[in-house]
Amino acid sequence: DHDYNHDHDEHGSIRPILRVLNTTMVWEEGEAFVFDDSLIHSAEYPNVANGSTEVRVVLVVDLWHPSLSDDERGLLASLYPPM
């Protein structure tokens, strides 16, 4: 099992990690990934504790689960209207 808490990027900064259930992923600059945020998850930004002022941008895209019926989608849309 790899210890992701000690992975560093090319600048020597500790890479942020994302844990989803029993899977740990290292965030790679310029690389995209998708995960189901309805599952238990956490993100760790080790450099924040070291006073980093680096800007992080996260794009969140909500997708309908394919097994939802039209009625269920309508209900959810009424609870969470678009911004």
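Placed above this text is the structure.
Residues numbered from 1 in each chain as written. Predicted model: local features only at pLDDT ≥ 70, side-chain atom pairs only at ≥ 80, totals over all residues. Heavy atoms only, no water.

Draft legend 1. Representation of the sheet that holds strand β1 (residues 17-20). Taken in spatial order, the three strands line up as β2-β1-β3 in an open sheet, and their pairing is antiparallel. The open sheet terminates on both sides in strands that have one partner only, identified here as β2 (23-26) and β3 (41-44). Pairwise comparison of adjacent strand axes, ignoring direction, gives a mean angle of 15 degrees for this sheet. Relative to β3, β1 is paired through four bridges, and the arrangement is antiparallel. In the sheet register, Val20 faces β3, and the bridge partner there is His41. (Pairing = 2+ DSSP bridges. Helix = DSSP H or I, 4+ residues; strand = E, 2+ residues; numbered from the N terminus. Axes fitted to C-alpha atoms, helices over the stretch in contact; angles between N-to-C directions.)

Draft legend 2. Geometry of the pattern of salt bridges. According to the stated counting rule, one finds one salt bridge in the structure shown. Residues Glu44 and Arg19 are paired through a salt bridge, measuring 2.2 Å at the closest nitrogen-oxygen approach. One end of the pair, Glu44, is in strand β3; the other, Arg19, is in strand β1, and 25 residues separate them in sequence. (Salt bridge = Lys/Arg side-chain N within 4 Å of Asp/Glu carboxyl O.)

Draft legend 3. Spotlight on a nonpolar patch on the surface. Taken together, the side chains of Trp64, Leu75, Leu76, Leu79 and Tyr80 make up a nonpolar region of the molecular surface, amounting to roughly 570 Å² of accessible area. Topologically, Leu76 is positioned in helix α1 (residues 70-79). For Leu76, a relative accessible area of 31% puts it in the partly exposed group. (Patch = residues over 30% accessible without salt bridge, like charges linked within 9 Å, V, L, I, M, F, W, Y side chains within 5 Å. Areas by Shrake-Rupley, 256 points an atom, 1.4 Å probe, with all protein chains shown as cover. Buried < 20%, exposed > 50% of the residue type's maximum accessible area, 1.4 Å probe, protein only.)

These values are about where atoms sit, not about what they do.
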